[in-house]
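Here's the letter readout for the chains.
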Number of protein chains: 4
Amino acid sequence: MSSEFGKNIKLSVFGESHGKAIGCVIDGLPAGVKLDMEKIYSDMARRAPGQGKYSTPRLEKDIPIILSGVLDNVTTGAPLAMIIENTNTKSGDYANVMTLPRPSHSDYPAYVKYDGNNDIRGGGHFSGRLTAPLVFAGAVAKQILKEKGITVGAHIAKIKDVCDDKFDKNNITPELLENLSSRSFSTISAVAQEKMAAAIECARMEQDSVGGIIECAAVGLPVGVGANMFSTVESHLSSILFGIPAVKGVQFGAGFDFAQMTGSEANDQYCIKDGKIALMSNNNGGVLGGMTSGAPVVLDVVIKPTPSISKPQQSVNLQTMQEETLVIKGRHDPCIVPRAVPVVEAAVAFGLLDLMM
Amino acid sequence: MSSEFGKNIKLSVFGESHGKAIGCVIDGLPAGVKLDMEKIYSDMARRAPGQGKYSTPRLEKDIPIILSGVLDNVTTGAPLAMIIENTNTKSGDYANVMTLPRPSHSDYPAYVKYDGNNDIRGGGHFSGRLTAPLVFAGAVAKQILKEKGITVGAHIAKIKDVCDDKFDKNNITPELLENLSSRSFSTISAVAQEKMAAAIECARMEQDSVGGIIECAAVGLPVGVGANMFSTVESHLSSILFGIPAVKGVQFGAGFDFAQMTGSEANDQYCIKDGKIALMSNNNGGVLGGMTSGAPVVLDVVIKPTPSISKPQQSVNLQTMQEETLVIKGRHDPCIVPRAVPVVEAAVAFGLLDLMM
Amino acid sequence: MSSEFGKNIKLSVFGESHGKAIGCVIDGLPAGVKLDMEKIYSDMARRAPGQGKYSTPRLEKDIPIILSGVLDNVTTGAPLAMIIENTNTKSGDYANVMTLPRPSHSDYPAYVKYDGNNDIRGGGHFSGRLTAPLVFAGAVAKQILKEKGITVGAHIAKIKDVCDDKFDKNNITPELLENLSSRSFSTISAVAQEKMAAAIECARMEQDSVGGIIECAAVGLPVGVGANMFSTVESHLSSILFGIPAVKGVQFGAGFDFAQMTGSEANDQYCIKDGKIALMSNNNGGVLGGMTSGAPVVLDVVIKPTPSISKPQQSVNLQTMQEETLVIKGRHDPCIVPRAVPVVEAAVAFGLLDLMM
Amino acid sequence: MSSEFGKNIKLSVFGESHGKAIGCVIDGLPAGVKLDMEKIYSDMARRAPGQGKYSTPRLEKDIPIILSGVLDNVTTGAPLAMIIENTNTKSGDYANVMTLPRPSHSDYPAYVKYDGNNDIRGGGHFSGRLTAPLVFAGAVAKQILKEKGITVGAHIAKIKDVCDDKFDKNNITPELLENLSSRSFSTISAVAQEKMAAAIECARMEQDSVGGIIECAAVGLPVGVGANMFSTVESHLSSILFGIPAVKGVQFGAGFDFAQMTGSEANDQYCIKDGKIALMSNNNGGVLGGMTSGAPVVLDVVIKPTPSISKPQQSVNLQTMQEETLVIKGRHDPCIVPRAVPVVEAAVAFGLLDLMM
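The rules behind these values
- Residues numbered from 1 in each chain as written.
- Chains lettered and ligands numbered in written order.
- Predicted model: local features only at pLDDT ≥ 70, side-chain atom pairs only at ≥ 80, totals over all residues.
- Heavy atoms only, no water.
- Least-squares fit on C-alpha atoms with pLDDT ≥ 70 in both.
- Contact = heavy atoms within 4.5 Å.
- Salt bridge = Lys/Arg side-chain N within 4 Å of Asp/Glu carboxyl O.
- Helix = DSSP H or I, 4+ residues; strand = E, 2+ residues; numbered from the N terminus.
- Buried area = accessible area lost by both parts, 1.4 Å probe.
- Polar contact = N/O pair within 3.5 Å; in protein donor to acceptor, adjacent residues only side chain to side chain.
- Nonpolar A, V, L, I, M, F, W, Y, C, P; charged D, E, K, R; others polar.
- Pairing = 2+ DSSP bridges.
- Expected span 1.5 Å × (residues − 1).
- Buried < 20%, exposed > 50% of the residue type's maximum accessible area, 1.4 Å probe, protein only.
- Axes fitted to C-alpha atoms, helices over the stretch in contact; angles between N-to-C directions.
- Arc of directions from axis to C-beta.

### Overview of the relation of the copies chain A and chain B
- Each copy superposes on the other: chain A lies on chain B with an RMSD of 0.0 Å after a rotation of 180° and an axial shift of 0.0 Å. Expressed as a symmetry operation, the mapping of one chain copy onto the other fits a two-fold axis.
- A share of 100% of the interface residues of chain A reappears at the interface of chain B, consistent with the copies meeting face to face through the same patch.

Structural data, given as structure tokens:
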């Protein structure tokens, strides 16, 4: 119903892939925050297509144009509105008629829901391109969090059957996270990165695609952010993370591995460390009773394989109601996981900031 | 921050384990819905403790008392308020002072967040007992969904290393779901149930506990419920599911298994079945682009092992800031997964109803 | 759609006049606030009926029972739930069938909206009795505001053609407001009080009723509470004030008198007073650009005459669709304005606290 | 805190007077609504300055540019984003330093609230120019309401001591409202219009300004829109109306005149008219118990005199904290009431549509 997120800071995302522009309004930011535009551009570049052989060769420059809420690079307290102009809009000939819905895409339910009125060109409002405003909002959030001593970063934990090293959940440094979040293909292990690249290339050669897992962490959070019942850190972060197209699962700490653990294995006991109370392990991923425990917040997000593949697939013609073979033309990312890393970071950063305001 | 959930129907849950009463207000229900109170009691009994050897022997009768919003068993359109009186409240002697926070519980962050003012008796507002009002709300939601042809049910998919049969995601009948949701230890396979019971008994004998996975499904949903961006079915359901204590992961359809699939394996192609458009598989768990696809909504939820175990654990005395050994007395559920099944059903039912209003 | 108010603190009101109980949940209160229950009872007594010849002789004891959120008179940070049991509920014979809607009451639109399912006994959820939980919430809010140096109070500014002295808008003391808010028939002028009492008595003798105006003020607010656009102090307070039955107008400062003023008469110029910036007048009622200006917040609320009068009135039988004469039996308040004073104070206090959290 | 309005349809307004652009996002509109852009432009032209001798001579073309949510003039169901470019932005020299706050403007509390970071050029986010996006949203809402048989219109009821004829509250035609809402200086009486124009001209000659009252009505609403408690039609409409700069009072039906009426004078009795239930009078302004009664919704809004006057006024230099005389230069509207008429219509239309979705 709504492309809006946030309790204390409202993020309203708008736009369609082939409309005039996409963008967002961020309402509720504090006044007086100095923004480092270069860092914002950097995060947006990590998400943008065309940055290497691992992603789609289309060239779009995602340059954010700030319309309001910022004066001389400092927030004014008024809603921050930002747009990114679409350069691929052709006012000319097109047929906005859905015939063959692409498997695993939003095409079919959107067609039913909007009764054929939604803009289907390039996916319309369902396009992955709509994550660009989220990355912008997350980049702003990261800077405000940074001033509070909080750092967010993520890496590719798995692609197909290649696994990166996982975070040592109870011992993550801001430096590691910053290093990861400054790269376009973030892994902890260089070897894993190479193997992942090979797996992606292999999928491309086979006209297929692959999915993966992104592991994200936030360090420096105070104890007690979030609350229980429906305001848990997990509720809040999962609800924004599941807003990223292709995300199909979110887990915190040991996550689904908890199922085969005993309580004595799973429980994070307490100790005194450097004169302060600390946890001896972090299976709970930094969240207890819905609130931050002081340990790093650590979560995994699974990204399904890119639905757009070149292999022929079966679909149904919505006009004739006959089964037909669909062949998706053009070139598509065989794997969107690398580009999704900054999006996951952005969602976590924005979600956390919203909880802390 | 808030024990409230819902966009169109607001569920506000209140209460503390040892206060006068716990309960909820459901604001926004349609008028004129006839409630089958027996079915509501039945779901609440499935969640209540003391129903067998698998759960805690304390005897609490969770009898809901409706204060408003229902007249002659029919909703009036006014907010439905319900309370469950606490019978274990002792006004007498107690020390509301937190000394040794229990590992993996909310104790420590709650102590910091509420500055020692939260009611710690029995877990206070963080008690698992607060899921009783959620089950009530879910039971009401189930009845309204039933009138729309929608059925929700769940089973225990895994406890420790014992797995139940999984749902055939593209072929789930309302009858199966109703059968599962009428039982107190729901599994598809009778053999799995026995083995699970043994695994739980084993944990009890070792003064330990075990976790597990609950698989939940909803059938009969129309195409197009939910939306994209931050209003996806996944966002909405995960945000209420993560409000259930001990839930640490939520996945839809193939979930984390998507990571090692190719697009051609993962994509759900379309066909014509009985003259209608249908999916040939349901790896997406009934949700495409955030909207229902017409296939059953299928999701997994992981429940961590009960944190309260009898084995000695290390904690830190919050008053003296010294490390101490904690021994949790009393008898506790070695596994809360069976009792969590109706809670997961309730969360899914309420979340779906809210999206459909 | 919703009996809920608040952005940062959620107030959810429930109950029907002849149900088991009415009450509210206040979600989002800070932990550690010590509540003076006597002061809460005092405000509730001011609203309660049966306190003098000016109000209805029915005797209901509005004793709030706190179910959760308070331990040893101190807030725990969990939702504060409170109920007031209805003593006038008869489970026996009644006919919940609307025949003759009472003029100026909610009867007719409620009948249409809820399709005859709403509880009509005593007005159901539309009863003025539902303001009791609001007064409770306001009394809690007043105590938290008091700790911040903020005082709220109100008086009857007008009943029929009898006017009380108005506030000197730029010079209101906390003492005056506290004095007014400790009385059951609050006026500044003792003479006005007598004349108002006579006007009410006159209406009673004539089987009629009268309305009036309540003037309310809040002092001690910092500069800059509220914001512009849709978060103005005026928007927020009016939206809760119009939730009080019988309120038909709200104005701030000079209000409707602004229409015949010039800018040079209306503008509140600035001066230095006691070394600080101050306003030389307060025609804006303490709100500029939607934000508090530092001057007292001053507003008027008009209360329409009690719709329940003994004089015969014309109505339409909803079952037969024939015009009929309606004679409302029983005794009714000829003027609810005195009892509405603490309700207005409560709404303003709660609305301001919500804006400040 | 937030420049956002709406429960079911979210209106998020952004922009600053001298920023790149102002605009809005409307999230939640139904798909498939055909928009008549000419009618939208027409409403925006009524609000725009420079349309006659009664308003400011600055020439700004408020041309809305739709960025998303509309394809071939039909809504797509995605958020509708619209911007109006500011043509008066000078990137060059300016001093964003507040020295002398203008009386009755937001200057002083905004300076305190935003700690000097808000954009003060032209009023920034507090500028009356921000009502342009509201008029746009209202024009869209009007078209959707029109399809439901609902018409909204307003006129100037009073300026200084000149009064227009008031609506016959129980007998208002769509034709009258449409006629009023197609004009730039809307009055029912042509004589009143002339006198009002003279009163405004008189204020201009005296370097002063005048305020006024706008009466607005909506006809064709079904019975039962809105609800009681905090979802009344009055609560909802007042909260958006008080978001219009300079609005200081809102009243429904007889409004403040209720104070001196008796119940028997005030009550709207029922009759049968054309075979249907109808009201014999409409003192309640079409709202009973917070819900629409079927009679026209009728309300008054008071607009304070334009604070910007040429006469010297006293202020305080915020840098030196010395009293100084302020002389506001440039030419300003001596009366914004005529331009506020379409804004009031827009607020009422958007508020009603939101309640009905």
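The rest of the description comes next.
### Here's the deal with the pattern of salt bridges
- Across all of its chains, the model carries 52 salt bridges over all chains by this definition.
- A salt bridge links A:Lys311 to A:Asp208; the shortest N-O distance between them is 3.3 Å. Of this pair, A:Lys311 sits in the loop between strand S16 (297–303) and strand S17 (313–316) while A:Asp208 sits in the loop between helix H5 (190–205) and strand S10 (212–219), placing them 103 residues apart in sequence.
- B:Glu345 is paired through a salt bridge with B:Lys142; the nearest N and O atoms lie 2.7 Å apart. Of this pair, B:Glu345 sits in helix H8 (residues 337–356) while B:Lys142 sits in helix H3 (residues 131–147), and the two are 203 residues apart along the sequence.

### Digging into the interface of chain A and chain B
- Taken together, the contacts link 99 residues of chain A with 99 residues of chain B.
- When the two sides are added together, the surface that chain A and chain B hide from each other amounts to roughly 8000 Å², 62% of it contributed by carbon and sulfur.
- Inspection of the chain A/chain B interface yields two salt bridges.
- Linking A:Lys248 and B:Glu234 is a salt bridge whose minimum nitrogen-to-oxygen distance equals 2.9 Å.
- Where chain A touches chain B, the interface holds 54 residue pairs in polar contact (both at pLDDT 80 or more).
- Its residues assigned to classes, the side of chain A that touches chain B comprises 48 nonpolar, 37 polar and 14 charged.
- Strand direction decides the pairing type here: strand S11 (residues 247–252) of chain A and strand S11 (residues 247–252) of chain B, joined by three bridges, are antiparallel. The partner of A:Gln251 across the bridge, within S11(B), is B:Gly249.

### Some words on the side chain of B:Asp333
- As for its placement among the helices and strands, B:Asp333 is situated in the loop between strand S18 (323–326) and H8.
- A polar atom in the side chain of B:Asp333 sits 2.9 Å from the side chain of B:Arg339.

### Considering helix H3 (residues 131–147) of chain A
Residue and element names in this part refer to chain A.
- For H3, built from 17 residues, the straight-helix expectation of 24 Å at 1.5 Å per residue is met to within 8% by its first-to-last C-alpha distance of 25 Å.
- Most of H3 sits out of view: 15 of its 17 residues are buried.
- After H3 finishes, the residue Gly149 shows a positive phi value of roughly 85°.

### Some thoughts on the sheet that holds strand S2 (residues 10–14) of chain D
Residue and element names in this part refer to chain D.
- Strand order in the open sheet formed by five strands is S1-S2-S3-S7-S4, and the pairing between neighbours is antiparallel. For this open sheet the edge positions go to strand S1 (4–5) and strand S4 (65–68), each flanked by a neighbour on one side alone.
- Of the strand pairs in this sheet, S1 and S2 are connected by two bridges, and their pairing is antiparallel. Along S2, the bridge assignment pairs Glu4 with Ser12.
- Against the sheet, helix H3 (residues 131–147) engages S2, strand S3 (21–27), S4 and strand S7 (80–85), with an angle of about 35° to S3.

### Let's talk about the sheet that holds strand S16 (residues 297–303) of chain D
- Pairing within the open sheet is antiparallel, and its ten strands lie in the order S9(C)-S8(C)-S10(C)-S16(C)-S11(C)-S11(D)-S16(D)-S10(D)-S8(D)-S9(D). The outermost strands of the open sheet, each flanked by one partner alone, are strand S9 (162–163) of chain C together with strand S9 (162–163) of chain D.
- As paired strands, strand S11 (residues 247–252) of chain D and S16(D) are joined by five bridges and run antiparallel to one another. Looking across to S16(D), one finds that D:Gly249 is bridged to D:Val302.
- Across the sheet, helix H6 (residues 233–241) of chain D is in contact with strand S11 (247–252) of chain C together with S11 and S16 of chain D; its angle to S11(D) comes to roughly 160°.
- The sheet strands contacting helix H8 (residues 337–356) of chain D are strand S8 (151–159), strand S10 (212–219) and S16 of chain D, and the helix crosses S8(D) at an angle near 145°.

### Focus: the pairing of strand S2 (residues 10–14) of chain A
All names here are of chain A.
- With five of five residues buried, S2 lies mostly within the body of the structure.
- The loop that links strand S1 (residues 4–5) with its antiparallel partner S2 comprises four residues; one of these, Gly6, has a positive phi angle of about 120°.
- Where S2 lies against strand S3 (residues 21–27), five bridges are found, and the strand directions are antiparallel. Paired with Phe14 across the two strands is Gly23, which belongs to S3.
- Hairpin connection from S2 to S3: six residues lie between these consecutive antiparallel strands, with Gly15 at a positive phi of about 120°.

### A short note on helix H5 (residues 190–205) of chain C
All names here are of chain C.
- Over its 16 residues, H5 runs 23 Å from end to end, which matches the ideal 22 Å to within 8%, given 1.5 Å per residue.
- When we look at burial in H5, the residues that qualify are Ala192, Met196, Ala197, Ala199, Ile200 and Ala203. The arc enclosing the buried residues of H5, seen along the axis, measures out at 160°, which places them on a common side. Opposite its buried face, H5 presents the exposed residues Ala190, Val191, Glu194, Lys195 and Met205, each directed more than 90 degrees away.
- In this fold, the buried residues of H5 make contact with strand S8 (151–159), S9 and helix H8 (337–356).
- Two or three places before Val191, at the start of H5, stands the capping residue Ser189, its side-chain oxygen 3.2 Å from that residue's backbone nitrogen.

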